[in-house]
Amino acid sequence: MNSLRTCPVNSSRALQFATWALSASAPLQAQAKSKKTLSKPGVRNVVLVEGVRTPFLQAGTTYADLMAHDLARGALQGLLNRTAFPKEAVDYIVYGTVIQEVKTSNVAREAALGAGFSDKTPAHTVTMACISSNQAMTTAVGLVASGQCDAVVAGGVEFMSDVPIRHSRKMRKMMLSLNRARTLGARLSLLGSLRLSHLVPELPAVSEFSTAEMMGHSADRLAAAFGISRLDQDEFALRSHVLAKKAQDEGLLTDIVDFKVPGKDIVSKDNGIRPSTMEQMSKLKPAFIKPHGTVTAANSSYLTDGASAVLIMSEEKALAMGYKPKAYLSDSFSDFLFHGKLTKMRCVSFSPTYAIPKVLERSGLTLADIDAFEFHEAFAGQVLANLTAMESDWFAQNCMGRKAKVGAPPMEKFNLWGGSLSLGHPFAATGCRLVTMVAHRLKKEGGQYGLVAACAAGGQGHAMLVEACPQ
Amino acid sequence: MFFVINTHTHFLSRFSIRVVLTQQSLCGRQETPWTARTHVNYEIKGDVAVIRINDPTSKVNTLSVHMQKEMTEIMDEIWANNAITSAVLISSKPGCFIAGADINMIQACKSTEEVTNLSQEGQKMFEKIEKSPKPVIAAINGSCLGGGLELAIACQYRVATKNKKTVLGTPEVLLGLLPGAGGTQRLPKMIGLPGAFDMMLTGRNIRSDKAKKMGLVHQLVDTLGPGLKSPEERTIEYLEEIAVDCARGIVNKKIPLAKEKSMMQKIQDYIMSYPFVRNQIYSTVQKKVMKQTKGLYPAPLKIIECVKAGMEQGLDAGYLAESQNFGKLAMTSESRALIGLYHGQVACKKNRFGVPKKDVKTLAILGAGLMGAGIAQVSVDKGINTILKDTTLEGLNRGQQQVYKGLNDKTKKKSITSFERDSTLSSLTGQLDYSGFQKADMVIEAVFEDIAIKHKVLREVEAVTSPECIFASNTSALPIKDIAAASTRPEKVIGMHYFSPVDKMQLLEIITTDKTSKDTTASAVAVGLKQGKIIIVVGDGPGFYTTRCLAPMLAEAVRVLQEGVDPKKLDSLTTGFGFPVGAATLADEVGIDVAAHVAEDLGKAFGSRFGGGDPELLKTMVEKGFKGRKSGKGCYLYQPGLKHKDVNPELEEILELYKMTPNPAVSSDSDVQYRLVSRFVNEAVLCLQEGILANPVEGDIGAVFGLGFPPCLGGPFRFVDTFGADKLVEKMRRFEEVYGNQFTPCSLLLDHAKDPSKKFHK
C-alpha cells in the first residue's frame, strides 16, 4: 500500500496505516475499511490545517450594528491568530456569501484587506446559496491540488441582521432618468410622474426565483412526501439542541474564536442553542403551510449572523512549515448536483441524497466506512426526508436510477455536536463549520473517514469526504 | 360587469369535460363475488369512513347508474354504523375526482320524463348527503366537474389539491344542458348570484386557488414530489390524511363549518337581499345571454330560469324547475348537436394512424409570419425544439416577438411564471439560414402561397435535411400533390393546414396525397396532437375540405353584397344563423387578398359552381389596399384601440360599380341565410361523396372548429340530419332556378333527400 503513495513527504500518513495494521485493537477501526486511504497517485494531498468561526448569533442580537465584512474580518483574523500563519504566505482567498451587501460586493477582498492580508493576495467571492463556503473550499482544494497554490484561505460569511432593501424598479428607473435629465423642466416632469406605488420598497426575495417557492414551504412538502411527522421533526430538532448544548458545555466547539463587538461585549459563545421540551415545541403553529403543515419555527434553522474560515494547504508545504494538519480533503470528493427538472415536484433541499452516493462511489468507499457524519440541518423535516430517501430502494430505483439504496447513516455517528438547527445557519458560513467540525470529531472520536453533506436552494447539493490526518 | 359569457368563437374552445364513454362492462362484476363493489369502496379509519371512488372501466370517474347505486348503499351503511362519526369522499384516480355525469346514461333516455327522473334521483341523493348528520368531506384532486362538482358542493366541507389538474366547474352548458342535480340551487347560495351565473353560463374551469377565493373550497393542500411512492400516489394519500384530520376537526368542533364572511361578502349579501336588485341581475344576465347567443342556445336561459325559481319561490320550486328543464334540454336538437361535437372532438384527439416510427424532437418552420410564428409558439409551448427561419431580419424579429408576446400574455395572466416563459422560449432558435436543419425531423413551411416559391423552398429543404425528414406545407388551398411534384421523396410530403390565430384556433387539417406514407401521416398527427390540436385528416384536392366549403359561401356573400345588402346586415344575418363571426368580418379577418386568391384558384379548379359574386370586386378592393383587418381597411375600417368598427365608406363606391339587381323571390332574410349555408353544406357533403372526407364526424368537427359553423347545429352533416335533407334540397332547387348550378344539390345529398331513413349520424 505504500506503493500507492507518490508524494514522498507524506510518509507520516503511511506510518499511520502501518500502525493501524498492527494494532487491531484501535476502538473505532475494528471494522476493516474498503480502502486504506483516499490518497490518489499523482495528485497532491490537500489538507485542512485549521478552521475557525465567529460565534453564530441569532440575527438582530449582538452583531446587529455590524456589517458582513466585519464578521468576515473577525474570522480571517482569528484564523491567522490561531495558526500564526505568515500573511504573505497566503496565495489566494476565496469567500462565500449569499445575501450580498452591495457596498462590499467582493466581500472577500474587503475583509482580507481589513484583516491585514497582503494586498498582493487575490481574493474572490463565490455564491451558491447555502453551500457557498463549500464551493469556496472546493475551489481552494482545486487550486492546491493543481499546484497553482500552496496555501489558500476559504470561508464564508452571512449577515442577516441587515439585508439590502431596495427602492422599487419604477422608482429606481425614475431616479436614474433624473440623473440624465438636463433641464429643470425635464426634471420636474419626471418628478411629476412620481406615484405612491413608486415608494413601495422591494425586499430581498424570500422565494426561489425559478420555482417561486419558499424554502420552508418546500421543506414542508418534502417532509409530507416522505410522511415525516411533526413529532419526528420536533424530536430531531430537540436532539440537535441537546447535543449542541452538551458539546458547548464540554468545550468541544473549539473552532469558535472570540469576537469583540465595538461598543459591546466580547462574544465567545453561540446564542441560539436552546434545548426546549417536546411539549413546548408542540405548541407552535406551522410557519409555512397553514393550517396543516409540520414545519415550525422550532424545527427549522433560524436566521443567523456569522462567519467562518479555513486554511487549506498542500500537505508537503504544511508539514514543511511545521503544521500538524487536521484532515485530508481532496478535490475529487466534492460533488454538485443540479436537478434538471426545476418544477415544484422536485424539492430543492433534497440533493444530499443524490450527491452522497456519487462521492462514495468515486472514492470506492461505502457508507459503513464512514466514522463521522456532518449533515447540514436546514429543516428537521428536510434532514429526515433525506435519511428516509437514502434508506429507500423504491426511491433509489425510481428517482435516482440506481439498483439499490445507499443506506442512511446510523444516528450514533450523525451530527453528534449539534447542527444548523441549534448552532445556527449563517448561510454561507455553514460549509466551513461542517468540515472543521467533522475534522474535530474524527480527531476526538478516533475515526478515519468523515462525510459532509449539505443542500442548497436551486436544487443543488454538496457532499465531501474528509479523512483524518495522523495524529 | 359581474361575469362574462363566452363568445361563440370560444364557445367550444373550452370543451373541457372529460366525460368519456364508460362502457358498462360486465366482466368486472362476473369475476368478483356479487357482494363486492367495483366502483366505490370504503375503509374505516378509526371513526372516519374513507370512501374511495374508482371506476375500473375508465380513465375517469363518471356518475353512472352503477356508481350511484354503490354510493347510495355505502352512504346507508355509514349512516347506520355508530362507530363512524364522519366520512371522507376521495377518488383513487390521479387527475380525476369525478368528471361529471355519464353522458351515455342521459343519451340513452328516450323521453323528457326519463331524464327528469334521473335528475330527481340525483337531487334526492345529494340532498341526503347535504343533510347528513355525519359530516362528509370531499377531498378533491383532479377534475371535479358537472355532477362531480354538484356532489362536492353537497358535502359539508371541501379540501382540494393545488394541482394544475384540479379544476372545478359546471360545463353542462357547453353540452346544451344544465347542472341537474341541485347545482343551480346550491351554487348561488354558496358563492353568490354573480359568481354562480358566471360559472354555470360559461362552463369554465376554475383552478383550486381561485375556487378557494370564491368560497367554493375550504382548504387547499399542496401537491407533493416523489417520496416513498410516486408523486401522484403520495399526493392522494396526503390529501386523504389532511381530509381525515379535517373530518375529525369538524366532529370535535375545532373546525367551524360556518365561515366568517368578509365585509365585501356581507355588503353583497345585503344588497342581494333586495328583490329589486336580484331582478335587475336576472334581466341583465338574460339580456347578455340573448345578445351573445341570439337565442339559439336554450340552456343558458333555462339555467337563469332555474336559479330564479329557487331564489324567488323556494327550494322545492327550484328543484322542480331544475329537473324539468334538465329533461327538456336533454331532448333538444341543440344539446344533441353539442354532445355530438363533444364526442367528435374526443375522436379527433386520437391518432388513428398509429404510433410513428420516429418521434419529432426538432421541428423547423419556414417563414416567421403570422402563421409560422403561431406554429412555433404552440410547438415550443409543448417542449419541441423549434427552429424558426425567415429570409429577413425584420421578418424574423416580428415572428420572435409574436412568440414572446404569446407566452408573455400567459405570464401576465399568471398561468405560467416568468421563469417558465423564459425556459420555454429557450427551445426556440431564430435564424436566417438552413444551419441545423440536418437535425430536423420535420419541416413545416409557412411561406407565401405561390407554387413556385413552395417548390423553391422544398428543393432547398430536401438538399439540407436527412432523408427521414418530413416536409409539411401549411397551405390553405394549393393541392399538396402539386407541391410534392418537386420532391424527390413524395412519401414524406404532407399538408398541415393551421388556422389563424394558431394559438387560439383548435383545428388542424392534415392533407395526405396518395403518395404520402402512413408513417408520415402518423407523425404529422402526433405533432398536431402534441401542439394541442383537434385533427381532421382529409384527402388532397383544391382547397382540401375547409377552404373548399368556405369558398362558395364567401362567393355567395360577395353576391349578397353586390345585391345591395350592406356588410353590417350581412354580418347580422350570418351571426343570426349561429355563426360566431359574420361573413363580412370573416372576409376581413381572413384577408381580402387571400380570399381573392383562393376564389381565383378554386374558381379555375371547380368552374362555375364556385361562381356567384364577381371575383373582380375582390380584386378591385385589393388594388385599393382594402386587404382586411391587417391593412386597416376592408369591408370595415379598423382603428387601433377602437373596438367599434364602421363600414368602409369607400367600399360602397366599389359596390356601386359592381351592383346587381336582387331577385325578390330569393332575397328574404331567411333566403339569404339559406343561400349562404346551403352552398357551404352542399360542398361539405360533396367532399364526403368524393372521399376527401373520411367520415361525417371529421366533416362536422372541421366545419365547427375551423370555420365557425354554428355549434348549435353541430356541423353541416348533423344539420342535414336534423333539418332534413329533403327540405334543404327543396330550398336549393328554388335557388337553382334563379342562380343555376351553384345550387345544384350533389348526388349524396339527393340520396339522403330521397330516403329519410338515411342519416349521416346514427
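Residues numbered from 1 in each chain as written. Chains lettered and ligands numbered in written order. Predicted model: local features only at pLDDT ≥ 70, side-chain atom pairs only at ≥ 80, totals over all residues. Heavy atoms only, no water.

The name given to chain B in an unreviewed UniProt entry is Trifunctional enzyme subunit alpha, mitochondrial, with Pygocentrus nattereri as the source organism. Annotation of chain B in UniProt includes, under Subunit (unreviewed entry), the sentence "Heterotetramer of 2 alpha/HADHA and 2 beta/HADHB subunits; forms the mitochondrial trifunctional enzyme. Also purified as higher order heterooligomers including a 4 alpha/HADHA and 4 beta/HADHB heterooligomer which physiological significance remains unclear. The mitochondrial trifunctional enzyme interacts with MTLN." (UniProt positions renumbered as here; feature names shortened; annotations may be inferred.)

Going by an unreviewed UniProt entry, chain A carries the name Trifunctional enzyme subunit beta, mitochondrial and comes from Pygocentrus nattereri. If you open the UniProt record of chain A and go to Subunit (unreviewed entry), you find "Heterotetramer of 2 alpha/HADHA and 2 beta/HADHB subunits; forms the mitochondrial trifunctional enzyme. Also purified as higher order heterooligomers including a 4 alpha/HADHA and 4 beta/HADHB heterooligomer which physiological significance remains unclear. The mitochondrial trifunctional enzyme interacts with MTLN. Interacts with RSAD2/viperin." Listed under Pathway (unreviewed entry) in UniProt, the entry text for chain A is "Lipid metabolism; fatty acid beta-oxidation."

Trainee: Quick question: what am I supposed to make of the overall build of chain B here?
Mentor: If you tally the helices and strands in chain B, you get 31 helices and 20 strands. Computed over C-alpha atoms, the radius of gyration of chain B comes to 28 Å, within 12% of the 27 Å expected from 2.2 N^0.38 for 762 residues, which places it in the range of a compact globule. Principal-axis analysis of the C-alpha atoms places the extent of chain B at approximately 85 × 60 × 55 Å. Buried residues in chain B amount to 57% of all 762 residues. In chain B, of all internal contacts separated by at least 6 residues, the share reaching a separation of at least 24 is 74%. For chain B, the accessible surface area stands at approximately 31,400 Å², while carbon and sulfur atoms represent 56% of it. (Helix = DSSP H or I, 4+ residues; strand = E, 2+ residues; numbered from the N terminus. Rg over C-alpha atoms; globule rule 2.2 N^0.38 Å. Buried < 20%, exposed > 50% of the residue type's maximum accessible area, 1.4 Å probe, protein only. Contact = heavy atoms within 4.5 Å. Areas by Shrake-Rupley, 256 points an atom, 1.4 Å probe, with all protein chains shown as cover.)

Trainee: When you look at the environment of A:Gly447 in this model, what are you seeing that I'm missing?
Mentor: Its place among the elements puts A:Gly447 in the loop between helix H15 (430-445) and strand S12 (449-456). Sequence spacing of A:Gly447 and A:Ile370 is 77 residues, and the spatial spacing of their C-alpha atoms is 8.2 Å.

Trainee: Sorry if this is basic, but what is going on with helix H23 (residues 583-590) of chain B here?
Mentor: Residue pairs three or four apart in sequence face the same way in an α-helix, which turns once every 3.6 residues. All names here are of chain B. With six of eight residues buried, H23 lies mostly within the body of the structure. Considered for burial, the residues of H23 that qualify are Ala583, Ala584, Thr585, Leu586, Ala587 and Asp588. Structurally, H23 contributes buried residues whose contacts are with helix H21 (546-562), helix H22 (567-577), helix H24 (592-606) and strand S19 (636-637). Gly591 sits one or two positions beyond H23 and adopts a positive phi of about 110°.

Trainee: Looking at this model, I keep getting lost on the interface of chain B and chain A. Mind explaining?
Mentor: Frequently, the measure chosen for interface size is the accessible area removed from exposure when the parts meet. Listed by partner, the interface residues are 19 residues for chain B and 19 residues for chain A. Summed over both partners, the interface of chain B with chain A buries about 1,700 Å², with 64% contributed by carbon and sulfur atoms. The largest per-residue losses of area from chain B upon contact with chain A belong to B:Pro226, B:Leu228 and B:Phe419, which jointly make up 35% of the total buried on that side. In this assembly, chain B and chain A are joined by zero salt bridges. For the interface between chain B and chain A, the tally reads five residue pairs in polar contact (both at pLDDT 80 or more). Contributions of two or more residues to the side of chain B that touches chain A are made by strand S10 (219-221), helix H9 (231-251) and helix H17 (418-425) of chain B. Here the side of chain B that touches chain A gets four residues from one element, more than from any other, and that element is H9(B). A breakdown of the residues in the side of chain B that touches chain A according to their chemical character gives nine nonpolar, six polar and four charged. (Buried area = accessible area lost by both parts, 1.4 Å probe. Salt bridge = Lys/Arg side-chain N within 4 Å of Asp/Glu carboxyl O. Polar contact = N/O pair within 3.5 Å; in protein donor to acceptor, adjacent residues only side chain to side chain. Nonpolar A, V, L, I, M, F, W, Y, C, P; charged D, E, K, R; others polar.)

Trainee: Explanation requested: the pattern of salt bridges in the structure shown.
Mentor: Side chains bearing opposite charge may pair, as long as their charged atoms lie close to each other. Counted under the stated rule, the structure contains 62 salt bridges over all chains. The closest approach of N and O atoms between A:Arg166 and A:Glu202, which form a salt bridge, is 2.7 Å. With A:Arg166 in the loop between strand S5 (151-158) and helix H5 (169-180) and A:Glu202 in the loop between helix H6 (184-192) and helix H7 (215-225), this pair connects stretches of sequence that are 36 residues apart. Ionic pairing is found between B:Glu600 and B:Lys604, a salt bridge with its closest N-O pair at 3.9 Å. In this pair, B:Glu600 and B:Lys604 both sit in helix H24, four residues apart, roughly one turn of the helix. Assessed through its relative accessible area of 63%, B:Lys604 is described here as exposed. Bridged by salt links that share partners, the residues B:Glu556, B:Arg559, B:Glu563, B:Arg675 and B:Arg679 form one connected network.

Trainee: I keep staring at the UniProt feature "domain: 3-hydroxyacyl-CoA dehydrogenase NAD binding" (unreviewed entry) in chain B and nothing clicks. Help me out?
Mentor: In the numbering used here, UniProt assigns the feature "domain: 3-hydroxyacyl-CoA dehydrogenase NAD binding" (unreviewed entry) to residues 363-540 of chain B. Taken end to end, residues 363-540 of chain B has its terminal C-alpha atoms 23 Å apart, with 40% of it in helix and 22% in strand.

Trainee: Would you mind showing me how to read the packing of helix H16 (residues 393-412) of chain B against H17(B) here?
Mentor: What describes two packed helices is the angle between their axes and the distance between those same axes. All names here are of chain B. With their axes 9 Å apart at the nearest point, H16 and H17 run at an angle of 155° to one another. Looking at the two axes, H16 sits roughly antiparallel to H17. With respect to the hand of their crossing, H16 and H17 are arranged in right-handed fashion. Residues Val403, Tyr404, Leu407, Asn408 and Thr411 of H16 touch H17, and the partners they reach there are Ser418, Arg421, Thr424 and Leu425. Per-class residue counts for the contact of H16 with H17 are four nonpolar, four polar and one charged. (Axes fitted to C-alpha atoms, helices over the stretch in contact; angles between N-to-C directions. Parallel < 35°, antiparallel > 145°, perpendicular 65-115°, else oblique. Left-handed = near helix turned anticlockwise from the far one by under 90°.)

Trainee: How should the sheet that holds strand S16 (residues 493-498) of chain B be read in this particular structure?
Mentor: Within a sheet, neighbouring strands are paired by backbone hydrogen bonds and run either parallel or antiparallel to one another. Residues and elements named next belong to chain B. The mixed open sheet is built from eight strands, whose spatial order is S13-S12-S11-S14-S15-S16-S17-S18. Whereas interior strands pair on both sides, the edge strands pair on one side only; in this sheet they are strand S13 (428-431) and strand S18 (534-539). Going across the sheet, the axis of each strand differs from the next one's by a mean of 25°, ignoring polarity. For strand S17 (residues 507-512) and S18, the ladder comprises six bridges, and the chain directions are parallel. Looking across to S18, one finds that Leu507 is bridged to Ile534. (Pairing = 2+ DSSP bridges.)

Trainee: Could you clarify how one ought to interpret the pairing of strand S13 (residues 460-468) of chain A in this entry?
Mentor: As a general feature of sheets, a regular strand has side chains that alternate between the two faces. Residues and elements named next belong to chain A. Judged by how many residues are buried, S13 sits mostly within the fold: nine of nine residues are covered. Covered by surrounding structure in S13 are Gln460, His462, Met464, Val466 and Ala468 together with Gly461, Ala463, Leu465 and Glu467, the residues of both alternating faces. Relative to S13, strand S9 (residues 327-329) runs antiparallel, the two sharing three bridges. Following the sheet pairing, Leu329 is matched in S13 by Val466. Examined bridge by bridge, S12 and S13 share eight bridges and lie antiparallel to one another. Bridge pairing in S13 places Ala453 opposite Ala463. Counting the residues that bridge the hairpin from S12 to S13 gives three residues, and of these Gly458 lies at a positive phi of roughly 90°.

Trainee: Explanation requested: the UniProt feature "active site" (unreviewed entry) in chain B in the structure shown.
Mentor: All names here are of chain B. Mapped onto this structure's residue numbering, the UniProt feature "active site" (unreviewed entry) falls at Glu509. Along the chain, Glu509 turns up in strand S17. The class for Glu509 is buried, based on a relative accessible area of 0%. The contact partners of Glu509, leaving out residues within four places of it in the chain, are Gly495, Met496, His497, Phe499, Ile536, Val538, Phe544, Tyr545 and Thr546.

Trainee: What is the right way to look at the sheet that holds strand S6 (residues 143-145) of chain B in this model?
Mentor: All names here are of chain B. In space, the four strands of this open sheet follow the order S4-S6-S8-S9, with mixed pairing throughout. Two strands lie at the open edges of the sheet, namely strand S4 (96-98) and strand S9 (206-207), each paired on one side alone. In the packing of helix H5 (residues 147-154) onto the sheet, the strands contacted are S4, S6 and strand S8 (167-169), and the crossing angle to S6 comes to about 85°.

Trainee: I would appreciate a short explanation of unusual backbone geometry in the present structure.
Mentor: Most peptide bonds adopt trans geometry, and most residues besides glycine take a negative phi value. With omega at 0°, the peptide bond leading from A:Lys290 into A:Pro291 counts as cis. Secondary-structure assignment places A:Pro291 in the loop between helix H9 (278-282) and strand S8 (304-314). Residue B:Pro501 is reached from B:Ser500 by a cis peptide bond, and omega for that bond is -5°. Within the element layout of this structure, B:Pro501 appears in the loop between S16 and S17.

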